[in-house]
Amino acid sequence: MNVKSGDGNTALSEIAGGTSWPGGEVVDHPEAVVALLAKGADVNARDSRGVTALMKAAESGSTRVVRILLHAGAHVNDHEVHGYGALRFAQENLEGRKRAEMVRLLKEAGAN
């Protein structure tokens, strides 16, 4: 369940970031995230750069997946090798209402 690819990604971290479609739309997969967590996926696993599933979900804008990961115990203030956490991923990659919703959600969970 927690087997990593060559760049250190787990199935959970790959799914948490959603699927990008032409035109920039990202489709999330909350049901798959729940299924992987139920099977024992490590919610705080890191890739080779220290990026977690929560950071990827925050970057993609999926509040549904972020809520699931937080409920499963994701560490909201973990940082990758350059010092970026989920909050910064959201602030730098999202715009408008999506950005505001994600930042609010992460801050309510204790992100700083």
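Summarised in this report is the structure supplied together with it.

About the cut-offs
- Residues numbered from 1 in each chain as written.
- Predicted model: local features only at pLDDT ≥ 70, side-chain atom pairs only at ≥ 80, totals over all residues.
- Heavy atoms only, no water.
- Axes fitted to C-alpha atoms, helices over the stretch in contact; angles between N-to-C directions.
- Helix = DSSP H or I, 4+ residues; strand = E, 2+ residues; numbered from the N terminus.
- Parallel < 35°, antiparallel > 145°, perpendicular 65-115°, else oblique.
- Left-handed = near helix turned anticlockwise from the far one by under 90°.
- Contact = heavy atoms within 4.5 Å.
- Nonpolar A, V, L, I, M, F, W, Y, C, P; charged D, E, K, R; others polar.
- Expected span 1.5 Å × (residues − 1).
- Buried < 20%, exposed > 50% of the residue type's maximum accessible area, 1.4 Å probe, protein only.
- Arc of directions from axis to C-beta.
- Core = buried A, V, L, I, M, F, W, Y, C linked by side-chain atoms within 4.5 Å.
- Salt bridge = Lys/Arg side-chain N within 4 Å of Asp/Glu carboxyl O.

**What to know about the packing of helix α3 (residues 53-60) against helix α5 (residues 86-93)**
It is at 7 Å that the axes of α3 and α5 come closest, and there the two elements cross at 20°. Accordingly, the angle class assigned to the pair α3 and α5 is roughly parallel. At the point where α3 passes α5, the crossing takes the right-handed sense. In this structure, α3 uses L54, M55, A58 and E59 to contact α5, whose residues at the interface are A86, F89, A90 and N93. Of the residues assigned to the contact of α3 with α5, the class counts are six nonpolar, one polar and one charged.

**A word on helix α6 (residues 96-108)**
Compared with the 18 Å implied by 1.5 Å per residue over 13 residues, the 18 Å span of α6 between its first and last C-alpha is a close match. All of the buried residues in α6 are M102, V103, L105 and L106. Down the axis of α6, the smallest arc covering the buried residues is 165°, so these residues share one side. With respect to the buried face of α6, the exposed residues turned more than 90 degrees away are G96, R97 and E108. Looking at the buried residues of α6, the elements they touch are α3, α4 (63-71) and α5.

**Considerations on the nonpolar core**
Of all hydrophobic cores here, the largest spans 29 residues; its most connected members are L12, L54, A58, V66, L69, M102 and L106. Those elements that place two or more of their residues in this core are α1 (11-16), α2 (30-38), α3, α4, α5 and α6. Broken down by element, the residue count for this core peaks at five residues, all from α3. Aside from chain neighbours lying at most four places away, what touches L12 is V33, L36, L37, A41, D42, V43, A53 and L69.

**Digging into the pattern of salt bridges**
Evaluated as defined, the whole model comprises six salt bridges. Of the charged contacts, one joins R49 and D47 as a salt bridge, the two residues approaching to 3.8 Å between their closest N and O atoms. Residue class for D47 comes out buried when judged on its relative accessible area of 9%.

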